[in-house]
Amino acid sequence: MRITNTLTGKKEEFVPLQPGVVRMYVCGPTVYDLIHVGNARPAVVFDVFRRYLEYRGYRVIMVQNFTDIDDKIINKANQLGVDPKMVADTFIAEYWRDAHALGIRPANFHPRTTDFVDDIVEIIEKLVERGYAYQTKTGVYFDVRKFKKYGELSKKRIEDLIAGARVEVDETKNFPLDFSLWKRAKPGEPCWNSPWGEGRPGWHIECTVMSVKILGESFDIHAGGEDLVFPHHENEKAQAEALTGKIFAKYWMHNGMVRFLGDKMSKSTGNIFTVREAVKKYGRDGLRYMILSKHYRSPMDFSEDLLSDYSKAVRRVWEILRRYESNGVTGIPKRNTVYEEYVNRFVEALDDDFNTPVAVSILFELAKNLSKSMEEGDQENALLFYHLIRREFGPVLGLFDLNEERREVAGESLLGILIEVRETLRKEKRYDLSDWIRDRLRENGIILRDTPSGTEYSVE
Ligand SMILES: Nc1ncnc2c1ncn2[C@@H]1O[C@H](COP(=O)(O)OP(=O)(O)OP(=O)(O)O)[C@@H](O)[C@H]1O
Ligand SMILES: [Zn+2]
């Protein structure tokens, strides 16, 4: 399997540090707003990448953090007049709602920065002791000129970086590119104790600490959006390698940006289309199909029209699958040469720098073949194509996955049971309880309507 490693700029053979096991860290969201289609891209891409590694037989240990303390969270809390923790807790809960709706499997670990402050302080102390960091009135800074490989990941020379990049402004720093490890708190800001006074961690150190603590000093893959290469990942790498003297992450994978109305889709500029709206209007599979149809490293232009087209294409596949399910044969097909050929093509595509556009096109080709086999009454092939879509490749891509649907159906049948219980209660005139069920469901976005022919429901 080959993946493009941002560190070397080349497509490289993927060889994990420990045979059979892949340790992987993905930078997660700063939680002060709902996630948007841009944030959905790394979430979907690296979730599918992990599923594919598992399909290829690896055990994957995946970490995705939540940045739950940051200037943007503090600003939002001030705007709303609430505690920053309340903002973070709220948007972590909202993240789960959207991630679930989008069919993203949870990682093995979802650490939050504020749970790691003691570890962060301990590691900053070590960096200070070793001469890689220094203290000023405003906090503690990393001395980038001490770390000889600075710029290795983003392939930039220090001189060019100073000229071109957004750098943290602070007149107490020794050098413009030095970045903060610990920020002294201003009055009223949330803070923790440290040897350098009350304050909070800088953004970059949190990922270094959480990844090293959970995955070890060296691990296989560090991933995130391409907007993070500089400064975030360059800085994470500098801190970690200064600390341990070892290679931090062996492979760096970066997804291209989702653009909307010509610019990067981004919470801080407000140029966003939320995952919630996208899934509600166009369905989970439509959005997943749109994301997976582009190679993960290419930029992607988002528009509602485009998403609507992807959603329609997905619906056509569902129609074919439903047609098969209403009278097709169930069971497991023979693993014949056609089966093997499809598996080879699927694996070949994804082994080649995770080429999901080709993998997804195989799924659509299979749907077309399924439709044709049904028309021709070729049951053996129909079963084979159906099986490949729903049981073999669908679960890897998180599209048309039979098991996922079973879970959704379970939710639906539970709702049916609740409606029956409520009807019984109403017949017995126990309106307090029947109304309570209706109100609780409404709070969760499920609206019941009592009609002469029974109770119907709709989901908001
Ligand atoms: N437009 C985008 N396209 C693709 N990936 C993105 C996009 N915006 C953010 N990401 C990725 O989403 C993840 C979460 O990032 P983050 O919460 O910083 O998003 P953001 O919307 O850019 O927020 P902010 O505007 O506050 O920086 C990161 O891996 C980041 O690289
Ligand atoms: Zn990070």
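These numbers come from a predicted model, not from an experiment.

**Description of the sheet that holds strand β11 (residues 258-260)**
Spatial strand order, β12-β11-β13: 3 strands in an open sheet with mixed pairing. The open sheet has two free edges, formed respectively by β12 (263-264) and β13 (300-302), since each of these has just one partner strand.

**Structural notes on the site of ligand 1**
Among the 23 residues in the neighbourhood of ligand 1, the closest are listed as Y32, H36, D227, S266 and S268. The contact in question runs from an oxygen atom of ligand 1 to an N or O atom on the side chain of H36, over 2.7 Å. About the coverage of ligand 1: the protein hides 95% of its 600 Å² of free accessible area. In terms of residue count, the dominant contributor to the shell around ligand 1 is helix α1 (residues 37-55) (3 residues). Grouping the amino acids of the shell around ligand 1 by side-chain chemistry returns 8 nonpolar, 11 polar and 4 charged.

**Points about the pairing of strand β2 (residues 10-13)**
As paired elements, strand β1 (residues 2-5) and β2 share 4 bridges and run antiparallel to each other. If you follow I3 over to β2, its bridge partner there is E12. Remark: 4 residues form the turn of the hairpin made by β1 and β2, two consecutive strands paired antiparallel; G9 in that turn has positive phi of roughly 75°.

**Describing the environment of T8**
Relative to the assigned elements, T8 resides in the loop between β1 and β2. Here T8 falls in the partly exposed class, since its relative accessible area comes to 37%. A sequence separation of 145 residues divides T8 from L153, and the C-alpha atoms of the two residues are 7.8 Å apart.

**So, the coordination of the zinc ion (ligand 2)**
Protein ligation of the zinc ion (ligand 2) involves C27 (SG), C207 (SG), H232 (NE2) and E236 (OE), the donor distances falling in the range 2.0 to 2.7 Å. Around the zinc ion (ligand 2) sit 4 donor atoms, and with donor-metal-donor angles ranging over 72 to 128° the site reads as irregular. Read N to C, the donor residues that coordinate the zinc ion (ligand 2) are spaced as C-x179-C-x24-H-x3-E. Here C207 is found in helix α6 (residues 203-215), whereas its partner H232 is found in helix α7 (residues 229-244), with 25 residues between them in sequence. Here C207 falls in the buried class, since its relative accessible area comes to 1%. Overall, the relative accessible area of 1% leaves H232 in the buried class.

**Description of the packing of aromatic side chains**
Taken as a whole and judged by the stated rule, the model has 25 aromatic pairs. Ring centres of Y289 and F364 lie 4.3 Å apart, and the angle between their planes is 20°; on these two criteria the pair is classed as stacked. In this pair, Y289 is assigned in helix α9 (residues 284-292) and F364 in helix α12 (residues 356-376), connecting sequence segments 75 residues apart. For Y289, a relative accessible area of 13% puts it in the buried group. You can call F364 buried: its relative accessible area is 18%. Arranged with centres 6.3 Å apart and planes meeting at 70°, the rings of F364 and F400 form a pair that is edge-to-face. Note that F364 is positioned in helix α12 and F400 in the loop between α13 (379-397) and α14 (402-427), a separation of 36 residues in sequence. In this pair, the class of F364 matches that of F400, namely buried. Taken together, the aromatic side chains of Y289, Y310, W318, F364 and F400 make up a single cluster linked through ring pairs.

**So, the UniProt feature "binding site: Zn(2+)" in the protein chain**
Here, UniProt's "binding site: Zn(2+)" annotation points to C27, C207, H232 and E236. Spatial clustering of the annotated residues is evident: they stretch over 210 residues in sequence, but the largest pairwise C-alpha distance comes to 10.9 Å. In this structure C207 touches Y25, C27, N65, H232 and E236, once residues within four positions along its chain are discounted. Residues within four places of H232 in sequence aside, it is in contact with C27, W203, H204 and C207. Side chain to side chain, H232 and H204 meet in a polar contact 2.9 Å long.

**Some remarks on helix α2 (residues 71-80)**
Note: α-helices contain 3.6 residues per turn, so residues at a spacing of three or four share the same orientation. Those residues of α2 that fall on the buried side of the exposure criterion are I73, I74, K76 and A77. Taken end-on, α2 shows its buried residues confined to a sector of 160°, consistent with a single buried face. Opposite its buried face, α2 presents the exposed residues N78 and Q79, each directed more than 90 degrees away. Where α2 is buried, its residues contact α3 (84-101) and β8 (199-201). N-capping of α2 is provided by D70, with a side-chain oxygen placed 2.7 Å from the backbone N of K72. Positive backbone phi, at 70°, marks G81, one or two positions downstream of α2.

**Some remarks on the environment of Y52**
Tracing the sequence through the fold places Y52 in helix α1. Each C-alpha atom, one on Y52 and one on L397, is 7.9 Å from the other, the two residues being 345 residues apart in sequence. In contact with Y52, other than residues within four places in its own chain, are M1, V347, L350, D351, F354 and V396.

**Observations regarding unusual backbone geometry**
Backbone phi values are negative for most residues with the exception of glycine, while trans is the configuration of most peptide bonds. In this model, F230 is joined to P231 through a cis peptide bond whose omega is 0°. Positionally, P231 belongs in helix α7. Phi at K155 is positive, roughly 55°, even though this residue is not glycine. Mapped onto the fold, K155 is located in the loop between β6 (139-142) and α5 (158-164). For D353, which is not glycine, the phi dihedral falls at a positive 50°. For D353, a relative accessible area of 3% corresponds to the buried category.

**What about the domain arrangement of the protein chain?**
Split by domain assignment, the protein chain resolves into domain 1 (1-254), domain 2 (258-395) and domain 3 (408-457). Taking the mean C-alpha position of each, domain 1 and domain 2 sit 32 Å from one another. Each partner contributes residues to the interface: domain 1 has 37 residues there, and domain 2 has 38 residues. In total, about 3400 Å² of surface goes out of reach between domain 1 and domain 2, with carbon and sulfur atoms giving 59% of it. Along the contact surface separating domain 1 from domain 2 lie 6 salt bridges. With its nearest N and O atoms 3.0 Å apart, the salt bridge here joins K264 to D227. Counting across the domain 1 and domain 2 interface gives 20 residue pairs in polar contact (both at pLDDT 80 or more). Taken together, the elements giving at least two residues each to the side of domain 1 that touches domain 2 come down to β1, α1, α3 and β10 (249-255). The biggest single contributor to the side of domain 1 that touches domain 2 is α1, with 13 residues. In the side of domain 1 that touches domain 2, the residues fall into 17 nonpolar, 7 polar and 13 charged.

What counts, and at which threshold
For every chain, the first residue of the written sequence is number 1, and numbering continues from 1 along that sequence. Chain A is the first chain written and ligand 1 is the first ligand written, with later ones labelled in order. For a predicted model such as this one, the threshold for reporting local features is a pLDDT of at least 70, and the threshold for listing and counting side-chain atom pairs is 80 or more; totals across whole chains, interfaces and linings nevertheless cover every residue. Only heavy atoms go into the side-chain values, all of them from the structure, while hydrogens and water stay out. Two strands pair if DSSP finds at least two bridges between them. By definition, any uninterrupted DSSP run of H or I lasting at least four residues is a helix, any uninterrupted run of E lasting at least two residues is a strand, and each is numbered from the N terminus. Any residue with a heavy atom positioned within 4 Å of a molecule or strand is treated as near that molecule or strand. Pairs of N or O atoms are called polar contacts if they sit within 3.5 Å, as long as, within protein, a hydrogen donor faces a hydrogen acceptor (for residues adjacent in sequence, only side-chain-to-side-chain pairs). Using the Shrake-Rupley algorithm and a 1.4 Å probe, accessible areas are obtained, with residue cover drawn only from the displayed protein chains. Lys, Arg, Asp and Glu make up the charged group, whereas Ala, Val, Leu, Ile, Met, Phe, Trp, Tyr, Cys and Pro make up the nonpolar group; the residues left over, Gly among them, are polar. With a 1.4 Å probe rolled over the protein chains alone, any residue whose accessible area is under 20% of its type maximum counts as buried; one over 50% counts as exposed, and the rest are partly exposed. For Na, K and Ca the donor cutoff is 3.2 Å, while for all other metals N, O and S atoms count as donors only within 2.8 Å; water does not appear among the atoms, so some sites may look incomplete. By the criteria applied here, four donors are tetrahedral when all angles lie between 85 and 135 degrees, four are square planar and six octahedral when opposite donors are over 155 degrees apart and every other angle lies between 65 and 115, and any other arrangement is irregular. Centres within 6.5 Å are what make two rings of Phe, Tyr or Trp a pair, Trp counting through its six-membered ring; a difference in plane orientation under 30 degrees is then read as stacked, over 60 as edge-to-face, and the rest as tilted. UniProt positions are given in the numbering used here, feature names are shortened, and annotations may be inferred rather than shown by experiment. When checking whether two residues touch, look at their non-hydrogen atoms; a contact exists if any pair is within 4.5 Å. Each C-beta atom gives one direction from the helix axis, and the arc is the one those directions make. Start and end positions for the domains come from either an automated domain assignment or a database one. We define buried area as the total accessible area lost by two parts upon association, computed with a 1.4 Å probe and summed across both. The rule for a salt bridge is simple: a side-chain nitrogen of Lys or Arg has to be within 4 Å of a carboxyl oxygen of Asp or Glu.

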